[in-house]
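Observations on the three-dimensional arrangement
If you want the building blocks of each chain, they are given just below.
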Amino acid sequence: MSRVLALWCMDWPAVAAATAAGLGATDPVAVTLANRVIACSAAARAAGVRRGLRRREAQARCPQLHVATADPAGDARHFEAVTAAVDDVVPRTEVLRPGLLVVSIRGAARYFGSEQAVAERLVDAVAAVGAECQTGIADQLGTAVFAARAGRIVEPGQDAAFLSALSIRQLAAEPSLAGPGR
């Protein structure tokens, strides 16, 4: 049975916007689309900024907030370094969206000794290019994506049990799983 590893870089649009603006990882950053916050950094969340807030409300909650307009092409360009780092460890990476990728790890788990060892190598490779991430491993692609959001390895055959504990709101949170063909 083939197992899938999902690698999720939290708040990727905010990370890419901060990088493009030359800001540090601890600066508050929010990315907006149609005057609404669609992503924000941990520093911005600590100041009260949340997804769905209007731009002005976000700026009122955090006056030093750097606001950037959504740039999907820029997000993808900045994610190429992460994809290349992952590809150096495990080949045939599939990018679901900038900030989220999946890879089959059956062969890599045999080569490195375990699924946990593969996950640790990938986290280290991504950290080497200056990004933070979480990994999740499961039998199916969708389950691996949700496991990455939780930072968990789902035991073989336990996908249904893992998913049953999630709310519908959590299951609907990942847009890359709802596209055509998924």
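The notes below deal with the structure included here.

Cut-offs applied
Throughout this description, residue numbers start from 1 for each chain and increase along the sequence as written. Per-residue local features are limited, in this predicted model, to residues with pLDDT of at least 70; the limit for side-chain atom pairs, both in listing and counting, is 80 or more; totals at the level of whole chains, interfaces and linings are taken over all residues. Hydrogens and water are ignored here; the side-chain numbers use all heavy atoms of the structure. Under the scheme used here, helices are H or I runs from DSSP no shorter than 4 residues and strands are E runs no shorter than 2 residues, and both carry numbers assigned from the N terminus. The size measure is the radius of gyration over C-alpha atoms, and the globule rule it meets is 2.2 Å times the number of residues to the 0.38 power. Note on contacts: a residue pair is in contact if any heavy atoms of the two residues lie within 4.5 Å. Strands qualify as paired when DSSP identifies two bridges or more between them. Lines fitted to the C-alpha atoms define the axes, with helices restricted to the stretch that makes contact. Angles between their N-to-C directions range from 0 to 180 degrees. We define the nonpolar core as a collection of buried residues of types Ala, Val, Leu, Ile, Met, Phe, Trp, Tyr and Cys that are connected through side-chain atoms lying within 4.5 Å of one another. Think of it in three bands: with a 1.4 Å probe and only protein chains considered, a residue is buried below 20% of the maximum accessible area for its type, exposed above 50%, and partly exposed in between. Pairs of cysteine sulfur atoms within 2.5 Å are identified as disulfides in what follows.

Per the secondary structure count, the protein includes nine helices and seven strands. Here the C-alpha atoms of the protein give a radius of gyration of 17 Å, agreeing with the 16 Å that 2.2 N^0.38 yields for 182 residues. Summarising its shape, the C-alpha atoms of the protein cover approximately 50 × 35 × 30 Å along the three principal directions. Across the protein, the fraction of contacts at a sequence separation of at least 24, relative to all contacts at a separation of at least 6, is 54%.

A few words now on the sheet that holds strand β6 (residues 100–104). Spatial ordering of the open sheet is given by β5-β6-β1-β7, a layout of four strands whose pairing is antiparallel. Edge positions in the sheet fall to β5 (94–97) and β7 (134–138), since each has one partner strand and no second. Taken over all neighbouring pairs, the strand axes of this sheet differ in orientation by 25° on average, direction set aside. Where strand β1 (residues 4–8) meets β7, five bridges bridge the pair, whose relative direction is antiparallel.

For the rest of this paragraph, the subject is the nonpolar core. If you look at soluble globular proteins, the nonpolar side chains tend to sit buried side by side. Counting 21 residues, the largest nonpolar core has L5, L7, C9, V82, V118 and V126 as the members making the most contacts within it. Elements supplying a minimum of two residues to this core: β1, α1 (12–21), α4 (72–89), β6, α5 (106–112) and α6 (115–128). The leading source of residues in this core is α6, at four residues. Setting aside chain neighbours within four positions, we find V82 in contact with L7, C9, W12, V126, V129 and A131. Core analysis: the second largest hydrophobic core is formed by 15 residues, A6, L100, V102 and V154 among them.

Attention now goes to the side chain of T135. Relative to the helices and strands, T135 resides in strand β7. If near-sequence neighbours (up to four positions away) are discounted, T135 is found in contact with L5, A6, L7, A119, V123, A147, A148, G151 and R152.

On to the side chain of S176, then. Among the structural elements, S176 can be located in the segment after α9 (168–171). Look at S176 and you get buried, because its relative accessible area is 12%.

On to the environment of A147, then. The topology assignment puts A147 in helix α7 (residues 141–150). Exposure remark for A147: the relative accessible area of 0% places this residue in the buried category. Put simply, A147 and V49 are 98 residues apart on the chain and 25 Å apart in space, counted from C-alpha to C-alpha.

On to the state of the cysteines. Using the criterion set out here, one finds zero disulfides in the structure. The thiol of C133 is unpaired, and the distance to the nearest cysteine sulfur, on C9, comes to 5.2 Å. Judged by relative accessible area, which is 13%, C133 ranks as buried.

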